[in-house]
Amino acid sequence: MHKGKLAVAQAAAELVQPDTILGVGSGSTVNLFIEALAARNIKLEGAVASSEASAKLLQQHGFDVLDLNMTGGLDLYIDGADEVNKEMHLIKGGGGALTREKIVAAASKHFICIVDNSKQVDVLGEFPLPVEVIPMARSYVAREIVKLGADPEFREAPRTDNGNQILDCVGFKIIDALTMENTINNIVGVVTVGLFAARPADQLLVGYEDGRVESSSR
């Protein structure tokens, strides 16, 4: 395991205030964050999870998992990323939870992204860009993605938690992430694209193999 993942997960757990409702993302670094949060024995009012997998892990550690429809806005959301640039624009969705992650991020006042330093890039797009699509629109959306200059690959995996499918788009070099996000989101049949530029991270915690954690904010 990358020691930076563990270091940044532990650092993020220290930032969580007791008696709050916390937004929790998904993925391997977030799993370590949940473990670190449990190890602190912190008492939360509850958590809103962005995936079924995260909800299950939170419940296993005794945290109450709440429905976002019942909580209203959240003060804090903590999640990882597959890629992050210097503007704190992100590619997310490698684990397939991009839509729910985007919803919880949008509902949160403060979004802390936690990554190890291997996820930092100058230009987004080396990691295939996930696009969640309505199943009947998959081929149509794929043809539209080709027009934008990428090669969409159908993810041969179980459907998302929302019952949809994912196209992983290979070959993008994303200079203007906000424009690209809006363009892809406007394709009929797209549920959402795994670009977080309209709602980027507010704070970035980066963990390194030597155990250092660096923090930066927008």
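Just so we're clear, the structure is a prediction, and the values are computed from it rather than from any experiment.

**Student:** Whenever I open this one, the overall build of the chain confuses me. Can you help?
**Tutor:** In terms of helices and strands, the chain carries seven helices and 13 strands. Radius of gyration (C-alpha) of the chain: 17 Å, near the 17 Å computed for a compact globule of 218 residues. Considering only C-alpha atoms, the chain reaches an extent of 50 × 35 × 30 Å along its principal axes. Looking at the chain as a whole, 54% of its 218 residues are labelled buried. Counting only contacts in the chain whose residues sit at least 6 apart along the sequence, the fraction spanning at least 24 positions is 73%. Accessible area for the chain stands at about 10,100 Å²; split by element, carbon and sulfur atoms hold 50% of it.

**Student:** Can you help me understand unusual backbone geometry in this one?
**Tutor:** Where the residue is not glycine, phi is negative for most of them; where a peptide bond is considered, it is trans in most cases. Although it is not a glycine, Asp-19 adopts a positive phi angle of roughly 60°. Along the chain, Asp-19 turns up in the loop between α1 (3-13) and β1 (21-24). For Asp-19, a relative accessible area of 52% gives the class exposed. Phi at Met-88 is positive, roughly 65°, even though this residue is not glycine. With relative accessibility at 4%, the residue Met-88 sits in the buried group.

**Student:** Would you explain the environment of Gly-27 in this entry?
**Tutor:** Relative to the elements of secondary structure, Gly-27 occurs in the loop between β1 and α2 (28-39). The sequence separation of Gly-27 and Asn-85 amounts to 58 residues, and the corresponding C-alpha distance is 19 Å.

**Student:** So what exactly am I meant to see when it comes to the sheet that holds strand β7 (residues 129-133) here?
**Tutor:** Strands in a sheet are paired, the pairing made by backbone hydrogen bonds, and the direction either parallel or antiparallel. The antiparallel open sheet is built from four strands, whose spatial order is β8-β9-β7-β10. What marks the edges here is a single partner per strand, and that holds for β8 (151-154) and β10 (190-193). Put simply, the sheet's adjacent strands are angled 30° from each other on average, direction ignored. Of the pairings in the sheet, the one linking β8 to strand β9 (residues 165-170) comprises four bridges and is antiparallel in character. Pairing of Asp-151 across the sheet is with Val-170, part of β9. Along the sheet, helix α5 (residues 98-106) makes contact with β7, β9 and β10, crossing β10 at roughly 65°. Sitting on the sheet, helix α6 (residues 138-147) touches β7, β8, β9 and β10, and the angle it makes with β9 is about 15°.

**Student:** Help me understand the nonpolar core in this model?
**Tutor:** Core analysis: the biggest nonpolar cluster contains 27 residues, and Val-16, Leu-22, Val-24, Phe-33, Leu-37, Ile-78 and Ile-114 have the highest contact counts within it. Only α1, β1, α2, β2 (46-49), α3 (52-60), β3 (74-79) and β6 (108-116) provide two or more residues apiece to this core. With seven residues, α2 is the single largest residue contributor to this core. Those residues in contact with Val-24 that lie beyond four places of it in its chain are Val-30, Phe-33, Ile-34, Ala-47, Val-48, Ala-49, Ser-50, Leu-58, Tyr-77 and Ile-78. Counting residues in each nonpolar core, the second largest holds 23 residues, with Ala-137, Leu-167, Val-190 and Leu-195 among its members.

Parameters and conventions
Residues numbered from 1 in each chain as written. Predicted model: local features only at pLDDT ≥ 70, side-chain atom pairs only at ≥ 80, totals over all residues. Heavy atoms only, no water. Helix = DSSP H or I, 4+ residues; strand = E, 2+ residues; numbered from the N terminus. Rg over C-alpha atoms; globule rule 2.2 N^0.38 Å. Buried < 20%, exposed > 50% of the residue type's maximum accessible area, 1.4 Å probe, protein only. Contact = heavy atoms within 4.5 Å. Areas by Shrake-Rupley, 256 points an atom, 1.4 Å probe, with all protein chains shown as cover. Pairing = 2+ DSSP bridges. Axes fitted to C-alpha atoms, helices over the stretch in contact; angles between N-to-C directions. Core = buried A, V, L, I, M, F, W, Y, C linked by side-chain atoms within 4.5 Å.

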